[in-house]
Amino acid sequence: VPDVYRYALGLHAEDRWYATLRLTRTAESGPGGVGWPERIVCVTAAGERHVLTPADPELCGCADAGASTDACRCYAFPLRSVEAFTLLTFEFTFPRVHIAAYQNASACARVTRNARLLGQGWPDTAPAFVYRTPEAGHPEPAVPFIDLTGTIAVGPWDLPDHNPLTPLFDTLFDGDPAGRTIAIGARYAYTLVDGSEPVSAMLPVVQSAVGTFDDETVPTLTQALVEWNEREQPETQGGAWAFRVSLYSCADAPLRRPVLQLRHLRSALSTPPGPPGRA
């Protein structure tokens, strides 16, 4: 279920300079987990960037309208820095959201003028005399793609005491595995030269096709690694499993579009008692 918000942005000027921005928000659908912008920047036609700061609700009319901070917030311009009635661009930065829960985003905008001809605190203008443009927006939503190429340690491989795959997928899916589409592969990695950027030799072990995650995904992969380990008996000192995981968009399932790719998840092999294996 998509999160849909409707924001209304109002500007208040004093002596030809913008003083405050009033932002009102209405949640129309969805769980409402995105929240308010954590940063608002006003960019002038000359390219000057001005960061707006949270302000007292009484300064821009939120308090007069009886709205709570859940529906209305005020932001102050730097004093006499942005001239009123000029061409401006506003950048809104929202808090981070989980890629599994929010896999695309879209926005549209329209302009309303003359809504309050007499200013703040006076009655609204008659609806027939309020000018509104049609909504304009991008034809397709923006789809993020997070591609992490660096090595990420996910804990040791020490069956049956510790299997790092279960907490890995719990984090990857934000606790909701239903309907997730993934591909996962595993390689045996042996460290040739240790250091801050170690040099490792990689040997392919198993690679899945793109498919739906279910209760058999982790056991099936684990069994394949156990069988390969028993058959090949690789060196465990300096050895590790190197997993590669891709998460695909649920919103664009027919396109098989990846939204997250983790190229090297490293799980060190435990050293069992007895004679070492062979590298």
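Everything that follows concerns the structure shown earlier in this document.
Since the structure is predicted, the reported quantities are computational estimates derived from the model, not experimental observations.

A short note on helix α2 (residues 217-232)
Here's step 1: In this model α2 runs 23 Å from its N-terminal to its C-terminal C-alpha over 16 residues, within 8% of the 22 Å that 1.5 Å per residue would give.
Here's step 2: Listing the buried residues of α2 in full gives Thr217, Val218, Leu221, Thr222, Leu225 and Trp228. Each buried residue of α2 sits inside an arc of 130 degrees when the element is viewed along its axis, so together they form one side. Opposite the buried face of α2, at more than 90 degrees from it, the exposed residues are Glu230 and Arg231.
Here's step 3: The inward-facing, buried residues of α2 contact α1 (165-172), β12 (181-193), β13 (199-207), β14 (211-212) and β15 (239-248).

Overview of the nonpolar core
Here's step 1: Counting 28 residues, the largest nonpolar core has Leu165, Phe169, Leu225, Trp241, Phe243 and Leu247 as the members making the most contacts within it.
Here's step 2: Put simply, the parts of the chain that give this core at least two residues each are α1, β12, α2, β15 and β16 (258-268).
Here's step 3: The residues contacting leucine 225, other than those within four sequence positions of it, are Trp157, Ala186, Val205, Val206, Trp241 and Phe243.
Here's step 4: The next biggest cluster of nonpolar side chains, apart from the first, holds twelve residues, and it includes Tyr18, Leu23, Leu52 and Ala84.

Points about the state of the cysteines
Here's step 1: Applying the stated criterion to the full structure yields one disulfide.
Here's step 2: The disulfide bridge from cysteine 62 ends at cysteine 72, spanning 1.7 Å between sulfur atoms. Sign of the S-S torsion, about -65 degrees for the bond between cysteine 62 and cysteine 72, identifies this disulfide as left-handed. Taken as a pair, cysteine 62 in the loop between β4 (49-55) and β5 (72-76) and cysteine 72 in strand β5 lie far apart in primary sequence, ten residues in all. Each member of the pair, cysteine 62 together with cysteine 72, is buried.

A closer look at the sheet that holds strand β1 (residues 4-14)
Here's step 1: The six strands are arranged β1-β2-β5-β4-β3-β6 in an open sheet whose pairing can be described as antiparallel. Every interior strand has two partners, whereas the edge strands, β1 and β6 (88-93), have only one. Here the average twist between neighbouring strands, direction ignored, is 30 degrees.
Here's step 2: As judged from the four bridges shared by strand β3 (residues 39-44) and β4, these two strands associate in the antiparallel manner. In the sheet register, cysteine 42 faces β4, and the bridge partner there is histidine 50.

A word on the packing of α1 against α2
Here's step 1: Where α1 meets α2, the closest approach of the two axes is 10 Å, and the angle between their N-to-C directions is 140 degrees. Considering their axes alone, α1 and α2 lie oblique with respect to each other. Remark: the crossing between α1 and α2 carries right-handed chirality. On the side of α1, the interface is formed by Leu165, Thr166 and Phe169, while α2 contributes Val218, Leu221 and Thr222.
Here's step 2: Residue composition of the contact of α1 with α2, grouped by class: four nonpolar, two polar and no charged.

So, the pattern of salt bridges
Here's step 1: By the definition in use, this model includes nine salt bridges.
Here's step 2: Salt-bridge contacts for arginine 80 lead to aspartate 15; the nearest nitrogen and oxygen are separated by 3.7 Å. Here the residue arginine 80 occupies a position in the loop between β5 and β6, and aspartate 15 occupies one in the loop between β1 and β2 (17-29), the gap between them amounting to 65 residues.
Here's step 3: Residue classification places arginine 80 among the partly exposed positions, given a relative accessible area of 48%.
Here's step 4: Since its relative accessible area comes to 58%, aspartate 15 is described here as exposed.
Here's step 5: Here arginine 180 and aspartate 176 are joined by a salt bridge, their closest N and O atoms 4.0 Å apart.
Here's step 6: Residue aspartate 176 is classed as partly exposed on the basis of its relative accessible area, which comes to 39%.

Topic: unusual backbone geometry
Here's step 1: Non-glycine residue aspartate 15 carries a positive phi angle of around 55 degrees.
Here's step 2: In this model, arginine 80 sits at a positive phi of 50 degrees, which is unusual for a non-glycine residue.

Some thoughts on α1
Here's step 1: Within the sequence span of α1, burial applies to Leu165, Leu168, Phe169 and Leu172. The arc enclosing the buried residues of α1, seen along the axis, measures out at 90 degrees, which places them on a common side.

Description of the side chain of histidine 264
Here's step 1: Position of histidine 264 relative to the elements: it lies in strand β16.
Here's step 2: Among the polar contacts listed, one links the side chain of histidine 264 to the side chain of threonine 151, at a separation of 3.4 Å.
Here's step 3: When sequence neighbours within four positions are dropped, the list of residues in contact with histidine 264 reads Thr149, Gly150, Thr151, Ile152, Met202, Ala242 and Phe243.

Quick notes on the rules
- Residues numbered from 1 in each chain as written.
- Predicted model: local features only at pLDDT ≥ 70, side-chain atom pairs only at ≥ 80, totals over all residues.
- Heavy atoms only, no water.
- Helix = DSSP H or I, 4+ residues; strand = E, 2+ residues; numbered from the N terminus.
- Expected span 1.5 Å × (residues − 1).
- Buried < 20%, exposed > 50% of the residue type's maximum accessible area, 1.4 Å probe, protein only.
- Arc of directions from axis to C-beta.
- Contact = heavy atoms within 4.5 Å.
- Core = buried A, V, L, I, M, F, W, Y, C linked by side-chain atoms within 4.5 Å.
- Disulfide = S-S within 2.5 Å.
- Pairing = 2+ DSSP bridges.
- Axes fitted to C-alpha atoms, helices over the stretch in contact; angles between N-to-C directions.
- Parallel < 35°, antiparallel > 145°, perpendicular 65-115°, else oblique.
- Left-handed = near helix turned anticlockwise from the far one by under 90°.
- Nonpolar A, V, L, I, M, F, W, Y, C, P; charged D, E, K, R; others polar.
- Salt bridge = Lys/Arg side-chain N within 4 Å of Asp/Glu carboxyl O.
- Polar contact = N/O pair within 3.5 Å; in protein donor to acceptor, adjacent residues only side chain to side chain.

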